[in-house]
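Listed below are the residues making up each chain.
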Amino acid sequence: MKKDIAGREPDPEIVYADIFHLPHHVSDRHPQMSLYDRAAQFAPYAALVGYGDMVSEEARLVDRRIEPGEEDLQLLNRELNRISSCLAGGKKPEVSVTYFISDPFKPGGRYETVSGHVRKVDPAEQKIILDRKVTAGGAYMEIRIADILCIH
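A tally of regular secondary structure across the chain gives 5 helices and 5 strands. Tracing the chain from N to C terminus, the helices and strands come up as α-α-α-α-α-β-β-β-β-β. The C-alpha atoms of the chain give a radius of gyration of 35 Å, which is well past the 15 Å a tight globule of 152 residues would have. Projected onto its principal axes, the C-alpha coordinates of the chain cover approximately 105 × 45 × 20 Å. Within the span of the chain, comprising 152 residues, buried residues form 19% of the whole. The contacts in the chain between residues at least 6 apart in sequence include a share of 45% that link residues at least 24 apart. Averaging the positions of the 20 positive and the 24 negative side-chain charges in the chain gives two centres separated by 6 Å.

So, about the sheet that holds strand E4 (residues 140-144). One open sheet holds the 5 strands; their spatial order is E4-E3-E2-E1-E5, and the pairing between them is antiparallel. Of all strands in the sheet, those bounded by a partner on one side alone are E4 and strand E5 (148-151). In this sheet, adjacent strand axes meet at a mean angle of 45° when their direction is disregarded. In the sheet, strand E1 (residues 94-102) pairs with E5 via 3 bridges, with the strands oriented antiparallel. Residue pairing for E5: valine 97 is matched across the bridge by isoleucine 151.

This part takes up unusual backbone geometry. Positive phi, close to 60°, is recorded for glutamine 126, a residue that is not glycine. Among the secondary structure elements, glutamine 126 is positioned in the loop between strand E2 (109-122) and strand E3 (127-133). On the basis of relative accessible area, glutamine 126 is assigned to the partly exposed category, the value being 44%.

Our next topic: helix H5 (residues 70-88). The terminal C-alpha atoms of H5, which comprises 19 residues, lie 27 Å apart, in line with the 27 Å expected from a rise of 1.5 Å per residue. When we look at burial in H5, the residues that qualify are Leu76, Glu79, Leu80 and Ile83. Down the axis of H5, the smallest arc covering the buried residues is 100°, so these residues share one side. Facing away from the buried side of H5 by over 90 degrees, the exposed positions are Glu70, Glu71, Arg78, Arg82, Ser85 and Ala88.

Moving on: the environment of arginine 144. When you line up the elements, arginine 144 lands in strand E4. Spatially, the C-alpha atoms of arginine 144 and proline 23 are 77 Å apart, while their sequence positions differ by 121 residues. The contact partners of arginine 144, leaving out residues within four places of it in the chain, are Gln126 and Lys127.

Examined against the element boundaries, histidine 152 turns out to sit in the segment after E5. Taking the C-alpha atoms as reference, histidine 152 lies 52 Å from tyrosine 45; in sequence the two are 107 residues apart.

Grouped together as the largest cluster of nonpolar side chains are 16 residues, with contacts concentrated most on Ile143, Ile148 and Ile151. Put simply, the parts of the chain that give this core at least two residues each are H5, E1, E2, E3, E4 and E5. The contact partners of isoleucine 151, leaving out residues within four places of it in the chain, are Leu76, Glu79, Leu80, Ile83, Val95, Ser96 and Val97.

With that settled, the discussion passes to the pattern of salt bridges. In this structure the tally under the stated criterion is 10 salt bridges. Ionic pairing is found between glutamate 112 and arginine 110, a salt bridge with its closest N-O pair at 3.0 Å. A relative accessible area of 28% places glutamate 112 in the partly exposed class. Overall, the relative accessible area of 43% leaves arginine 110 in the partly exposed class. Connected via shared salt-bridge partners are Glu57, Arg60 and Asp103.

The rules behind these values
- Every chain begins its residue count from 1, and numbering advances along the sequence as written.
- Totals for whole chains, interfaces and linings use every residue, but because this is a predicted model, local features are given only for residues with pLDDT of at least 70 and side-chain atom pairs only at 80 or more, for both listing and counting.
- For side-chain calculations, the full set of non-hydrogen atoms in the structure is used, while hydrogens and water are omitted.
- Secondary structure elements follow DSSP: runs of H or I no shorter than four residues count as helices, runs of E no shorter than two count as strands, and numbering proceeds from the N terminus.
- For the radius of gyration, the atoms used are the C-alpha atoms, and the globule rule reads 2.2 Å times the number of residues raised to 0.38.
- Relative accessibility under 20% of the residue-type maximum defines a buried residue, over 50% an exposed one, and the middle range a partly exposed one, all with a 1.4 Å probe and only protein chains included.
- The contact definition used throughout considers only heavy atoms, calling two residues in contact when any of these lie within 4.5 Å.
- All tallies of charge rest on Lys and Arg as positive and Asp and Glu as negative; His and the ends of each chain are not included.
- A single reference atom marks each charge: NZ on Lys, CZ on Arg, CG on Asp, CD on Glu.
- Here, a strand pair is defined by DSSP locating no fewer than two bridges between the strands.
- Axis definition: a line fit to C-alpha positions, over the contact stretch in the case of helices; interaxial angles, taken between N-to-C directions, run 0 to 180 degrees.
- One less than the number of residues in a helix, times 1.5 Å, gives the span that helix is expected to have.
- This arc is taken over the directions from the axis of the helix to the C-beta atoms.
- Definition used in this section: a nonpolar core is a set of buried Ala, Val, Leu, Ile, Met, Phe, Trp, Tyr and Cys residues joined via side-chain atoms within 4.5 Å.
- Counted as salt bridges are all cases of a side-chain nitrogen of Lys or Arg within 4 Å of a carboxyl oxygen of Asp or Glu.

So, in structure tokens, the structure goes:
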């Protein structure tokens, strides 16, 4: 619209007076769009696909691995020997193991505690095997001895 001499814009009711009060057109062929669908046309879109996931991943916290001291390692060794003795005697002792799980995407990880009966202590493979199925195929839970923080 052109401005008048004083720099004001003209009144739209005067400029569009011939069409201002006409009835709204309703199509015979096309159904009227719902308010939800109309609003969706103007909704923001994700211009940076994956950016939100990347920010969430960066904000996710991980624990640092605790390096056990000499006394802790000796205590862990004694526990493993005691468990091996029980297994040799035909018993399957029930234990609670706290161990470290490395994060595949960031340095660090998390600690988890699981309980169960010990099936085997494998010194050659450096792992402890619990009598606990972890897959539908029947694989037993294996924990690397190097990842164990403590055994109760």
